[in-house]
Amino acid sequence: MEQNTDSPVRLTGTIRQLRPSDLPRFREHLLRLDSESRRDRFNGLANDRFISAYVYRSFAAGTTVIGYVEGDKVLGAAEIHERAEESQPTAEIAFSVERHLQHRGLGGRLFERLIEKARDFGYTKLLVTTHPQNAAMRALARRYNARLVFEDGETVGTIHLDPPLSLSGAVAGEIQGKAALQPA
Ligand SMILES: CC(C)(COP(=O)(O)OP(=O)(O)OC[C@H]1O[C@@H](n2cnc3c(N)ncnc32)[C@H](O)[C@@H]1OP(=O)(O)O)[C@@H](O)C(=O)NCCC(=O)NCCS
């Protein structure tokens, strides 16, 4: 795992999908985010009560959460929330890494796992809600050749994925294509 060489913090945990019983650990993780990260993550003010309700709602709705877990703590997360009302397979995604672990490649590792999972689900459109100045989020998307597009100061960025390949190797129901991140 990539790390800051001048940092005393080592990443000793694992990245795995969270289980239903991980709900309290996920909640504690989001509650521990410092105020700036919390604001970036929720695109504005989010108090503890809001976060608790959000976590319960997410787990009740079957949200997929991939966590960075050390011992009994979730210290980073990547979330996939289906947006079933959209005409094409769409999910809203979100990332969070606790301050002392930021800038060590963890967000990138979570991003990779999330894209893999999103492809497994057959999503072709991913939405990220944050502010357009979120440099870390932009850098993350750029690193994986995904372009985050914010239209006219909008707070929703879009990442497009190719549709899954059919068993014959063609894009399901469409012309041939390769499963790569597409620029938006
Ligand atoms: C976004 C976030 C998950 C990135 O996690 P991370 O572990 O720091 O990410 P990485 O270490 O893998 O770095 C990813 C890229 O972001 C850059 N980056 C990280 N923090 C940054 C910051 N504060 N400002 C500018 N760039 C930053 C890194 O340099 C890296 O860029 P590179 O690929 O060009 O080298 C983390 O900063 C975070 O939790 N932020 C608060 C919540 C949030 O904004 N979530 C996203 C919207 S839902």
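Here, every reference points to the structure presented above.
Quick caveat: nothing in here was measured; it's all calculated off a predicted structure.

Brief notes about the site of the ligand
Around the ligand there are 23 residues in total, and Asp 40, Gly 107, Gly 108, Ala 136 and Ala 139 lie nearest to it. Counting residues per element, the ones that place at least two in the shell around the ligand are α2 (35-42), β4 (90-97), α4 (106-121) and α5 (135-143). Top contributing element to the shell around the ligand by residue count: α5, with six residues. When the residues that make up the shell around the ligand are grouped by side-chain class, the tally is ten nonpolar, nine polar and four charged.

Concerning α4
Relative to the 22 Å expected for 16 residues at 1.5 Å per residue, α4 spans 23 Å between its end C-alpha atoms, a close match to the ideal helical length. Among the residues of α4, Leu 106, Gly 107, Leu 110, Phe 111, Leu 114 and Ala 118 are the ones counted as buried. Relative to the axis of α4, the buried residues are bounded by an arc of 125 degrees and lie together on one face. Looking at α4, the residues exposed on the side facing more than 90 degrees away from the buried face are Glu 116 and Asp 120. Residue Gly 122 follows α4 closely and has a positive phi angle near 80 degrees.

Details of the environment of Ile 51
Secondary-structure assignment places Ile 51 in helix α3 (residues 48-60). Once residues lying within four places of it in the same chain are set aside, the contact partners of Ile 51 are Arg 27, Leu 30, Leu 31 and Ala 46.

A look at the nonpolar core
In terms of nonpolar packing, the biggest core is built from 32 residues, with Phe 26, Ala 78, Ile 93, Leu 110, Leu 114, Leu 126 and Ile 159 touching the most fellow members. Secondary-structure elements contributing two or more residues to this core are α1 (23-32), β2 (64-70), β3 (73-82), β4, α4, β5 (125-129), α5 and β6 (156-161). Residues contacting Leu 126, with those up to four places away along its chain left out, are Ala 91, Ile 93, Ala 118, Ile 159 and Leu 161.

Considerations on the environment of Thr 130
You can see Thr 130 is positioned in the loop between β5 and α5. Sequence separation between Thr 130 and Arg 41 is 89 residues; the distance between their C-alpha atoms is 6.7 Å. With sequence-adjacent residues up to four places away left out, Thr 130 is seen in contact with Asp 40, Asn 43, Met 137 and Thr 155.

Topic: the pairing of β4
Burial of β4 is extensive: six of the eight residues sit out of reach of the surface. Sheet analysis places β3 next to β4, joined by seven bridges and oriented antiparallel. Bridge assignment links Ala 77 to a residue of β4, and that residue is Ser 96. Both β4 and β5 contribute to a ladder of four bridges, which runs parallel.

Some details on the pairing of β2
Burial analysis of β2 places five of its seven residues in the buried class, which makes it a mostly covered element. In the sheet, strand β1 (residues 14-17) pairs with β2 via four bridges, with the strands oriented antiparallel. Residue pairing across strands places Gln 17 opposite Ile 66, the latter belonging to β2. In terms of strand pairing, β2 meets β3 through seven bridges, oriented antiparallel. If you follow Thr 64 over to β3, its bridge partner there is Ile 80. The antiparallel pairing of β2 with β3 creates a hairpin that spans two residues between the two strands, and Gly 71 there sits at a positive phi of about 60 degrees.

Criteria and thresholds
Residues numbered from 1 in each chain as written. Predicted model: local features only at pLDDT ≥ 70, side-chain atom pairs only at ≥ 80, totals over all residues. Near = placed C-beta within 6 Å. Helix = DSSP H or I, 4+ residues; strand = E, 2+ residues; numbered from the N terminus. Nonpolar A, V, L, I, M, F, W, Y, C, P; charged D, E, K, R; others polar. Expected span 1.5 Å × (residues − 1). Buried ≥ 20, exposed ≤ 12 C-beta atoms within 10 Å, placed from the backbone. Arc of directions from axis to C-beta. Contact = placed C-beta atoms within 7 Å. Core = buried A, V, L, I, M, F, W, Y, C linked by C-beta atoms within 7 Å. Pairing = 2+ DSSP bridges.

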